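Inside the fold
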Amino acid sequence: MVASPADQVVARVFGGIVITDSNASGPASYDVHGLRFVFVPAAQDSATYAVDVESRNTEVPPFLAQHFAPSDTPFFEHWTRLEVVAKLSGRPVLELVKESTCLNLPDKNISIQRVDTSTHWIAVGRK
């Protein structure tokens, strides 16, 4: 898929782009307001990707916050990373939370890059 000029380019990562688009194909994530973010890899890239997005004004769920405290890293920075790992590894995210794997990647073939903006926490992973 090639991004059209009307697409909102949010970030460039792994040689591809993160866009906001309601119809584009590719790994996608919705924020709490229903805005859809899609990762569009470079044309010849055959890796598997995942993206996770959270709005910066989203409230932290208290039952999850306890699993990440105390930490100098914001909750949703951990959470978006963990969601990407879950998507790429095919494992439930709550299973990863219970295993406390939010800081250590359970699969060494997964690499994650952050492309946070002033309005969103955004993690893109590649396997």
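Cut-offs applied
Residues numbered from 1 in each chain as written. Predicted model: local features only at pLDDT ≥ 70, side-chain atom pairs only at ≥ 80, totals over all residues. Heavy atoms only, no water. Helix = DSSP H or I, 4+ residues; strand = E, 2+ residues; numbered from the N terminus. Buried < 20%, exposed > 50% of the residue type's maximum accessible area, 1.4 Å probe, protein only. Lys, Arg positive; Asp, Glu negative; His and termini not counted. Salt bridge = Lys/Arg side-chain N within 4 Å of Asp/Glu carboxyl O. Polar contact = N/O pair within 3.5 Å; in protein donor to acceptor, adjacent residues only side chain to side chain. Pairing = 2+ DSSP bridges. Axes fitted to C-alpha atoms, helices over the stretch in contact; angles between N-to-C directions.

Turning next to the side chain of Asp21. Among the secondary structure elements, Asp21 is positioned in the loop between strand E2 (16–20) and strand E3 (28–30). For Asp21, which is buried and forms no salt bridge, the nearest opposite charge comes from Arg36, at a distance of 4.5 Å. Separated by 2.5 Å, the side chain of Asp21 and the backbone nitrogen of Asn23 make a polar contact.

Taken in spatial order, the 4 strands line up as E1-E2-E4-E3 in an open sheet, and their pairing is antiparallel. Looking along the sheet, the strands with just one partner apiece sit at the ends: strand E1 (8–13) and E3. This sheet shows a mean twist of 20° between the axes of neighbouring strands, independent of strand direction. Bridge count between E1 and E2: 5 bridges; the pairing is antiparallel.

When you line up the elements, Ser89 lands in helix H2 (residues 75–89). Judged by relative accessible area, which is 25%, Ser89 ranks as partly exposed. Taking the C-alpha atoms as reference, Ser89 lies 8.6 Å from Ile110; in sequence the two are 21 residues apart. Side-chain polar atoms of Ser89 contact the backbone oxygen of Val85, separated by 2.7 Å.

By themselves, these are just geometric observations and shouldn't be taken as functional.
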